[in-house]
Amino acid sequence: MQTITKLVKMNRLAVQCILAAVVLSVVPLVLLSVLVSSHVSDALLAKSKEEFDLALVELEHIIQNKVTDRQQDLLTMTELPPIDGIYRAQQNDGVDPIDNSTLQQWHDRLVVLFSKYEVFHHDTLQIRYLDPQGREWLRVERHGKEILVSESGELQDKSDRPYFIDATTLQPGQCYVSYIDLNEERGIIQRDKPVLRFSTPVWRNGNLLGVIVMNVDAGEILNELILTESAGRVILAGNDGVYMFHRDKAKRWGNQLNTEASLFQDWPDLKPWAESQELRVHHAETKHLSSADNSELLSVSSMVFGANNDPWIIGIELERKEAIAAGLAMQRYVLWKAGVVGLLAMLLAFSLATIWIKPLKLLGQAADAVRGGDYSARVNVKRKDELGDLARSFNQMAEEVEKVIELEEDRARAEAASQAKSEFLANMSHEIRTPMSAILGFADLLDDPELDADTRSDYIKTIQRNGGHLMSVINDILDLSKIEAGKMDIDQTEIRPATLVKDVVSLMEARAAEKGLMLNLHLDDGLPQAVMTDGLRLKQILLNLMGNAIKFTQKGSVRLAVSQNMSNVPDHTELRFDVIDSGIGIEADKLKQLFKPFSQADSSTTRRFGGTGLGLTLSKRFARMLDGDISITSKAGQGSTFTLAIRARVVEVLQAGTKDPPAGTKPAAKPCDTPLSGRVLLAEDGKDNQRLIMFHLKKMGLSVQLCETGQDAVDYALLQCSVGEPFDAILMDMQMPIMDGYTATRRLREQGYPGPIIALTAHAMSGDREKCLAAGCDEYTTKPINKAELRAILGALIEQRRAA
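Scanning the protein from N- to C-terminus turns up 23 helices and 24 strands. Looking at the protein as a whole, 43% of its 804 residues are labelled buried. A separation threshold of at least 6 residues defines the contact pool for the protein, and within that pool the share at least 24 residues apart is 63%. Total accessible area on the protein stands at roughly 43,400 Å², and carbon and sulfur atoms take up 54% of it.

Right, here's the structure in full:
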């Protein structure tokens, strides 16, 4: 016990050394035991197989002789005088022309022949003579010690029996041999009488005179199998695998007693061999098998009694542990010796380890210190052996650990940034698609020439509203500061819940109508008139939930119910939004995957309904940012209910106000209704944008000169200055071929161009405005253009230029 306590207190490396010593001493003995016992076991198995082979050959020889003797006796009967006499009498009106014997006299002589044979062969149960139609013409059978001849009224029709049907297909000199089975008398199976049947046809002058059938008690053959069981469990089966003999009596006679036992069921690997054994039987092949768990062995071969008879399968089974019992005993002895040697080795290793334990402990303590973050830890070991070398190597390694840690931290930060950017790009795709679907859908509806003015105006406002929503989403998700932080900010504003949800339902009406769905809205009484929350995010969540409900509902309705629960925080409420559909529903085991990125209920959902699988992920994140969450109840085939709950501060009175402009921007002049005048140079390479912007500029009253590259813009602007007719303003696209807008603006300013230049770009990321102003632009506006904002900027700059 004290030794074990000391071992526990020792350094782990010392314990490993002791274990290594034990392993090195014990493993060779164990391996020797395994290898030797393996060879011994193989030798014992090989010997068992040889003994089985010899036993099988002996059994086959005994059975073959017994069957061959009966075959020969039966064939001899067909050549004896009574058979010929019967044939001649039948051909001559019942009288034999040779000796005038009647058919009845030859019948009686055949009775004598069959009876004497049964007297001298006690295991013969019946001998029958069947006519060409298969009906018994004569039957002599044994009852105990008495030989009886059946009366004509007792004779039966055996035309459907295999021993008659198969015998009629044989040639003279051939004999049918049946499997061993239980005798069946008038439909009753006699369980204590296993029978082997022989039959042969009687041919005379090419005519079938009849068939002689002999029933033999198979007990003598089965007794031989029982006597051989000392070598193993003997089995005897037909070619179909049904047992004729097995130690387990419940497995015998499966074809008659309707048991499920079969050689091929017990040994399925034997089936292919059995199906082709007719090709091998003449080579006396013996097959050796092992069970799936290698616990049992089988040696099996087949034997056949004439080319037209089905083979019999004979085999011997043995448990593997019985065959290799001597090898297992030897292995146990060697393993016991290995245990003794291992104990001695452990004691010796313990003695040596105590000499090395101190320096190893110091090394372990230093390693623990480094692992805990103390990279200054060193091992003070001055030995000149291998332990000293190990200590010096450790000290060198510790000096490098800090550098490795720093590199790893840098890599982790880089991976985190990459992950944040990947999530950002994935989320951006879904954010854009929701309002874009409404824009494209209502744009298609505007193509209908039969729309009345009010409907057309409503559609245009819907497109404008979604376009504005889309731009606000793009401005949010393209902010690089949000990428680096990995999150989006919440903008708390005053919103009217009733107005917001009505707007959501209005946006979804067209999609619901396309599928023939009812779209219902229910607002509980007592909802707050206004609350403080992020209306943009709330709207995005509801649009996504409503869109999903419509997408996955083929018939019925989609319902949005809005209610509130009292909050335990003063002046706050919990708004509850239930989106209820009668759609396809979701199976219970798929619910947990719904809110994972890129996940849907199953892989077929994307193929059938489309979508990226990001909508619910974004909605749940937004809900939590709004101090809430999303839950779901659903049943497959019966619809789903998505519940959004958020907490918000109640605002009793709405307050009007405007936001301060971003830092660094100039306050735009107010647009006026009077037309502008002047000449504007538009530098834009996109054909559609050229048409759109020129249309708005001309409608403002301006004259427009168009160019498609930055180089052309520089050339036109300088040319007009040289002739004393400079442009009143230049609208400069910042992304153009040959020379971009940044370079063109810098070139103009370098040449002393004084006129106003307005940056026109689709870039709306943080820093883009500053970048344009640094290049020399006077103002900055984004695409798609806001015509009111553009008019105000142009008006202010043209007015300032003319005043100057």
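Turning to the confidence of the model for the protein, a few remarks are in order. Of the residues in the protein, 77% reach a pLDDT of 70 or more, and the chain-wide mean stands at 79. Counting contacts from residues 479-485, a segment whose pLDDT is below 50, to residues more than four positions away or on other chains yields nine contacts. Confidence over residues 598-612 falls short of pLDDT 50; this stretch has 31 contacts with residues more than four positions distant or in other chains.

With 17 residues, helix H23 (residues 787-803) should reach 24 Å at 1.5 Å per residue; the first-to-last C-alpha distance of 24 Å fits that figure. Residues Leu790, Arg791, Ala792, Ile793, Leu794, Gly795, Ala796, Leu797 and Ile798 constitute the buried set of H23. In this structure, the buried residues of H23 make contact with helix H19 (687-699), strand E22 (729-733), strand E23 (757-761) and strand E24 (779-782). Measuring from the side-chain oxygen of the N-cap residue of H23 to the backbone nitrogen of Ala788 gives 3.1 Å; that N-cap residue is Asn786.

Let us look at the sheet that holds strand E11 (residues 296-303). Either a parallel or an antiparallel arrangement is found when strands of a sheet pair, and the pairing is made through backbone hydrogen bonds. Taken in spatial order, the five strands line up as E9-E8-E12-E11-E10 in an open sheet, and their pairing is antiparallel. Because the sheet does not close on itself, it has two edges, and the strands there are strand E9 (243-245) and strand E10 (286-290). Taken pair by pair, the neighbouring strands of this sheet meet at an average axis angle of 30°, ignoring direction. As defined by bridge partners, strand E8 (residues 233-238) adjoins strand E12 (residues 312-319) across six bridges and the pair is classed as antiparallel. Within the sheet, the bridge partner assigned to Gly238 lies in E12 and is Trp312. Along the sheet face, helix H6 (residues 219-227) touches E8, E9 and E12 and points at about 80° away from the line of E9.

Moving on to the pattern of salt bridges. Applying the stated criterion across every chain yields a total of 23 salt bridges. Between Lys66 and Glu220 there is a salt bridge, with its nearest N and O atoms 2.4 Å apart. In this pair, Lys66 is assigned in helix H2 (residues 12-77) and Glu220 in helix H6, connecting sequence segments 154 residues apart. Note on Lys66: relative accessible area 23%, which makes it partly exposed. Taking the relative accessible area as the measure of exposure, Glu220 reaches 39% and is therefore partly exposed.

Before going further, it helps to examine the side chain of Thr709. Considering the arrangement of structural elements, one finds Thr709 in the loop between strand E21 (703-707) and helix H20 (710-722). Polar contacts involving the side chain of Thr709 include one to the main-chain amide nitrogen of Asp712, which spans 3.1 Å. Discounting chain neighbours no more than four positions away, the residues touching Thr709 are Met736, Pro737, Ile738 and Met739.

Here we take up the nonpolar core. Within the largest apolar cluster, 47 residues are counted, with the highest numbers of intra-cluster contacts made by Ile180 and Trp312. Considering each element in turn, this core owes the most residues, eight residues, to H2. Counting residues in each nonpolar core, the second largest holds 39 residues, with Leu500, Leu560, Leu575 and Ile630 among its members.

With that out of the way, let us pick up the sheet that holds E24. In spatial order, the strands read E21-E20-E22-E23-E24; together these five strands make up an open sheet with parallel pairing. The sheet is open, and its two edges are formed by E21 and E24, each paired on a single side. When the angles between neighbouring strand axes are averaged without regard to direction, this sheet yields 20°. Strand contacts of helix H22 (residues 768-775): E23 and E24, with the helix running at about 140° to E24, the strand carrying the most contacts. Running at roughly 165° to E24, H23 makes contact with E22, E23 and E24 of the sheet.

As a further point, take the pairing of strand E20 (residues 679-683). Burial runs high along E20: four of the five residues are buried. Across five bridges, the pairing between E20 and E21 is parallel. Counterpart to Leu682 in the pairing with E21 is Leu706. Looking at chain direction, E20 and E22 are connected through four bridges and run parallel. When the bridges of E22 are listed, Leu681 appears paired with Ile730.

Where helix H21 (residues 741-750) contacts H22, the axes come no closer than 8 Å and their chain directions differ by 30°. Taken together, the axes of H21 and H22 lie roughly parallel to each other. Judged by residue contacts, Tyr742, Thr745, Arg746 and Arg749 of H21 engage Lys771, Cys772 and Ala775 from H22. Tallied by class, residues from the contact of H21 with H22 come to three nonpolar, one polar and three charged.

All right, on to the packing of aromatic side chains then. Going through the model one piece at a time under the given rule, you end up with two aromatic pairs. Consider the rings of Tyr129 and Trp137, whose centres lie 5.6 Å apart with planes at 75°: the pair is edge-to-face. Overall, Tyr129 belongs to the buried group, its relative accessible area being 1%. Taken together, a centroid distance of 4.9 Å and an interplanar angle of 80° make the contact between Phe305 and Trp312 edge-to-face.

Of all the residues in helix H3 (residues 81-91), the buried ones are Pro82, Ile83, Gly85, Ile86, Tyr87 and Ala89. One or two positions beyond H3, positive phi appears at Asp93, with a value near 55°.

Positive phi values are uncommon outside glycine, yet Asp93 reaches one of about 55°. With respect to the helices, strands and loops of the structure, Asp93 is situated in the loop between H3 and helix H4 (103-120). A positive phi angle, near 65°, is found at Ile738, a position not held by glycine. Topologically, Ile738 is positioned in the loop between E22 and H21.

Time to look at the packing of helix H16 (residues 535-551) against helix H18 (residues 615-625). For the pair H16 and H18, the least separation of the axes is 9 Å and the interaxial angle reads 145°. Note on packing geometry: the crossing formed by H16 with H18 is left-handed. Here H16 contributes Arg537, Gln540, Ile541, Asn544, Leu545 and Asn548 to the contact with H18, which in turn contributes Gly615, Leu616, Ser619, Phe622 and Ala623.

About the cut-offs
- Residues numbered from 1 in each chain as written.
- Predicted model: local features only at pLDDT ≥ 70, side-chain atom pairs only at ≥ 80, totals over all residues.
- Heavy atoms only, no water.
- Helix = DSSP H or I, 4+ residues; strand = E, 2+ residues; numbered from the N terminus.
- Buried < 20%, exposed > 50% of the residue type's maximum accessible area, 1.4 Å probe, protein only.
- Contact = heavy atoms within 4.5 Å.
- Areas by Shrake-Rupley, 256 points an atom, 1.4 Å probe, with all protein chains shown as cover.
- pLDDT = per-residue confidence, 0-100.
- Expected span 1.5 Å × (residues − 1).
- Polar contact = N/O pair within 3.5 Å; in protein donor to acceptor, adjacent residues only side chain to side chain.
- Pairing = 2+ DSSP bridges.
- Axes fitted to C-alpha atoms, helices over the stretch in contact; angles between N-to-C directions.
- Salt bridge = Lys/Arg side-chain N within 4 Å of Asp/Glu carboxyl O.
- Core = buried A, V, L, I, M, F, W, Y, C linked by side-chain atoms within 4.5 Å.
- Parallel < 35°, antiparallel > 145°, perpendicular 65-115°, else oblique.
- Nonpolar A, V, L, I, M, F, W, Y, C, P; charged D, E, K, R; others polar.
- Phe/Tyr/Trp six-rings, centres within 6.5 Å; stacked < 30°, edge-to-face > 60°.
- Left-handed = near helix turned anticlockwise from the far one by under 90°.

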